[in-house]
Amino acid sequence: MVELKTRAEIELMRSAGKVVADILSSVRSAARAGVTLRQLDETARGVLKDAGATSPFLNYKPKFAPVPYPGVICVSVNDAALHGIPDEYALKPGDLLSVDAGATLNGWVGDAAVSFTVGDGSEADARLISVTEAALAAGIAAAVPGGRLGDISAAIGKVGRAGGYGISTDLGGHGVGRTMHEDPHIPNLGKKGRGLKLQPGLVLAIEPWFMAGGNDDIYVADDGWTIKTGDGSRAAHAEHTVAITEDGPVILTLG
Ligand code: MF3
Ligand code: CO
């Protein structure tokens, strides 16, 4: 069931979204060579605590997962695309990181992700990141009343395919509100004019993620969580929580 949010509820979600933005900027500043993924998770925990917020990721256990999620952020390095568990891995110069964070504040959830390299990255990584960000912008631009869910999917997929990248429809965007994952599911490929009619009050986490090798295959690592590219190429991910309003899309996960 798709739930619509009132203007007041959307403002509460903006407060949760600001905490998410603060986590992402703190983690980004902390992500230098030699720092471990677990240290980045600690940084994120500190931001949540200071804000009086909790994590919708911590102990989350969807059906596919063998164990509850142990962190408050996902940190996916290089050929890890999504759901990387913060562990003792120490960052190296040139690593490509995707950081996904959530926050629950006053009962409302924000969810966003960003990708960047540690120090100077390769040109290929810079292009992958910028195309992923462009796809997010295109998806957000399509999130307007009167449009269809397929418009968002199609806008994202078009940018990713034009970049020559692999796209999996197994995991994509989603409704978000009092819980992190609500209806509808938003695949990162689709057809314009199809699917749910978009209307004011719909709040969506829009999240393109692309694989550099151009192959659409993925697999789940032995930890049961980390989604990796089937061809070993690198992946990037970008996400915002976005409210559809009469005035158009409003990004809720800004600092
Ligand atoms: N933000 C991710 C998403 O959009 C959720 C991470 S899964 C978790 O699907 F287990 F880490 F929470
Ligand atoms: Co999400």
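What you see is a predicted model, and the numbers here were worked out from it, not measured in a lab. Every residue gets a number counted from 1 within its own chain, in the order that chain's sequence is written. Chains and ligands are labelled sequentially in the order written, the chains with letters from A and the ligands with numbers from 1. Note on the predicted model: pLDDT of at least 70 is required for a residue's local features to be given, and 80 or more for side-chain atom pairs to be given and counted; whole-chain, interface and lining totals, by contrast, use all residues. Neither water nor hydrogens contribute to the side-chain values; these are computed over all heavy atoms in the structure.

### Brief notes about the overall build of the protein chain
Right, on to step 1. Secondary structure elements are defined from DSSP: runs of H or I of at least 4 residues count as helices, runs of E of at least 2 residues count as strands, and each element is numbered from the N terminus. Assigned secondary structure in the protein chain consists of four helices and 13 strands.
Right, on to step 2. Computation of the radius of gyration draws on C-alpha atoms, with the globule rule given as 2.2 Å multiplied by the number of residues to the power 0.38. A compact globule built from 255 residues should have a C-alpha radius of gyration of about 18 Å, and the protein chain, at 17 Å, falls within 12% of that.
Right, on to step 3. Its C-alpha atoms put the protein chain at 45 × 40 × 35 Å along the principal axes.
Right, on to step 4. Expressed as a percentage of the 255 residues in the protein chain, the buried residues total 54%.
Right, on to step 5. We call two residues in contact when some of their heavy atoms are within 4.5 Å. The long-range share in the protein chain, meaning contacts at least 24 apart out of those at least 6 apart in sequence, stands at 70%.
Right, on to step 6. Here the protein chain contributes 23 positively and 30 negatively charged side chains, and the mean placements of these two sets differ by 4 Å. Buried residues are those whose accessible area, probed at 1.4 Å on protein chains only, stays under 20% of the maximum for their type, while exposed residues exceed 50% and partly exposed ones sit between those limits. Counted as positive: Lys and Arg. Counted as negative: Asp and Glu, with His and the chain ends omitted from the count. Here the site of a charge means atom NZ of a Lys, CZ of an Arg, CG of an Asp or CD of a Glu.

### Quick word on the pattern of salt bridges
Right, on to step 1. Salt bridge criterion: a side-chain nitrogen from Lys or Arg within 4 Å of a carboxyl oxygen from Asp or Glu. Across all of its chains, the model carries nine salt bridges by this definition.
Right, on to step 2. In this structure, the salt-bridge partner of Arg7 is Glu246, at a minimum N-O distance of 3.4 Å. Separated by 239 residues along the polypeptide, Arg7 in helix H1 (residues 7-30) and Glu246 in the loop between strand E12 (240-245) and strand E13 (248-251) bring together distant segments of the chain. Grouping residues by exposure puts Arg7 and Glu246 together as exposed.

### Comments concerning the side chain of Ser233
Right, on to step 1. Following the sequence through the fold, Ser233 ends up in the loop between strand E10 (227-229) and strand E11 (235-237).
Right, on to step 2. The buried category is assigned to Ser233, whose relative accessible area is 15%.
Right, on to step 3. Pairing of N or O atoms within 3.5 Å defines a polar contact, subject to two protein rules: one partner must be a possible hydrogen donor and the other a possible acceptor, and residues neighboring in sequence count only if both atoms are side-chain atoms. At 2.7 Å, the side chain of Ser233 and the side chain of Asp231 are in polar contact.
Right, on to step 4. Contact partners of Ser233, with chain neighbours within four places excluded, come to Asn78, Asp79, Met211, Ala212 and Gly213.

### Considering a nonpolar patch on the surface
Right, on to step 1. Residues forming no salt bridge and having over 30% relative accessible area are the ones grouped into patches, like charges within 9 Å of each other and nonpolar side chains (Val, Leu, Ile, Met, Phe, Trp, Tyr) within 5 Å. Computed with the Shrake-Rupley method and a 1.4 Å probe, the accessible areas treat only the protein chains shown as cover for residues. Together, Val2, Leu4 and Leu196 line one region of the surface with nonpolar side chains, adding up to about 200 Å² of accessible area.
Right, on to step 2. Of note, Val2 is situated in the segment before H1.

### Structural notes on the site of ligand 1
Right, on to step 1. The near set for a molecule or strand comprises every residue that places at least one heavy atom within 4 Å of it. If you check the shell around ligand 1, you find 13 residues, and the closest are Asp100, Asp111, His174, His181 and Glu207.
Right, on to step 2. Here Asp111 contributes a side-chain N or O atom positioned 2.8 Å from a nitrogen atom of ligand 1.
Right, on to step 3. Here ligand 1 has 330 Å² of accessible area as a free molecule, and 96% of this is covered by the chains.
Right, on to step 4. Of the residues in the shell around ligand 1, the class split is six nonpolar, three polar and four charged. Ten residue types, Ala, Val, Leu, Ile, Met, Phe, Trp, Tyr, Cys and Pro, are classed as nonpolar, four, Asp, Glu, Lys and Arg, as charged, and the remainder, Gly among them, as polar.

### Section: helix H4 (residues 149-162)
Residues spaced three or four apart along an α-helix face the same direction, because each turn holds 3.6 residues.
Right, on to step 1. Along its 14 residues, H4 runs 20 Å from first to last C-alpha, staying within 8% of the 20 Å computed at 1.5 Å per residue.
Right, on to step 2. When you tally the buried positions in H4, you get 10 out of 14 residues, the bulk of the element.
Right, on to step 3. Residues of H4 that are buried include every one of Leu149, Gly150, Asp151, Ile152, Ser153, Ala154, Ala155, Ile156, Gly157 and Gly160, and no others.
Right, on to step 4. Gly164, located one to two residues past H4, shows a positive phi value of around 85°. Here a helix's expected span is defined as the number of its residues, less one, multiplied by 1.5 Å.

### Details of the side chain of Thr117
Right, on to step 1. Looking at where Thr117 falls in the secondary structure, it is placed in strand E4 (residues 108-117).
Right, on to step 2. Polar contacts involving the side chain of Thr117 include one to the main-chain carbonyl oxygen of Gly119, which spans 3.3 Å.
Right, on to step 3. Only 3.4 Å separates the side chain of Thr117 from the backbone nitrogen of Gly121, close enough to count as a polar contact.
Right, on to step 4. Dropping the residues within four chain positions of it, Thr117 is found in contact with Gly94, Asp95, Leu96, Asp125 and Ile129.

### Here we look at the packing of helix H3 (residues 123-141) against H4
Right, on to step 1. At their nearest, the axes of H3 and H4 sit 8 Å apart, and the two run at 155° to each other. Here H3 lies roughly antiparallel to H4, going by the angle between them. Between H3 and H4 the crossing geometry is right-handed. Counting all contacts with H3, which are made through Val131, Ala134, Ala135, Ala138 and Gly139, the residues of H4 involved are Ile152, Ala155, Ile156, Val159 and Gly160.
Right, on to step 2. Of the residues belonging to the contact of H3 with H4, the class tally is eight nonpolar, two polar and no charged. For every element, the axis is a line fit to its C-alpha atoms; helices are fit only across the contacting stretch, and the angle between N-to-C directions ranges from 0 to 180 degrees. For classification purposes, an angle smaller than 35 degrees is called roughly parallel, one larger than 145 roughly antiparallel, one from 65 to 115 roughly perpendicular, and anything else oblique. Helix crossings are classified by the rotation of the near helix relative to the far one: an anticlockwise turn of less than a right angle makes the crossing left-handed, while a clockwise turn makes it right-handed.

### Some details on the packing of aromatic side chains
Right, on to step 1. Stacked, tilted and edge-to-face are the three classes assigned to paired rings of Phe, Tyr and Trp, where Trp is represented by its six-membered ring and a pair needs centres within 6.5 Å; plane angles under 30 degrees give stacked, over 60 edge-to-face, the rest tilted. Applying the stated criterion across every chain, the model contains four aromatic pairs.
Right, on to step 2. Relative to Trp225, the ring of Tyr69 has its centre 4.9 Å away and its plane inclined at 75°; by these criteria the two rings are edge-to-face. Of this pair, Tyr69 sits in the loop between helix H2 (37-51) and strand E1 (73-77) while Trp225 sits in the loop between strand E9 (218-220) and E10, placing them 156 residues apart in sequence. Per residue, the accessibility class of Tyr69 equals that of Trp225, and both read buried.
Right, on to step 3. Aromatic side chains Tyr165 and Phe210 sit 6.3 Å apart centroid to centroid with 20° between the ring planes, which places their arrangement in the stacked category.

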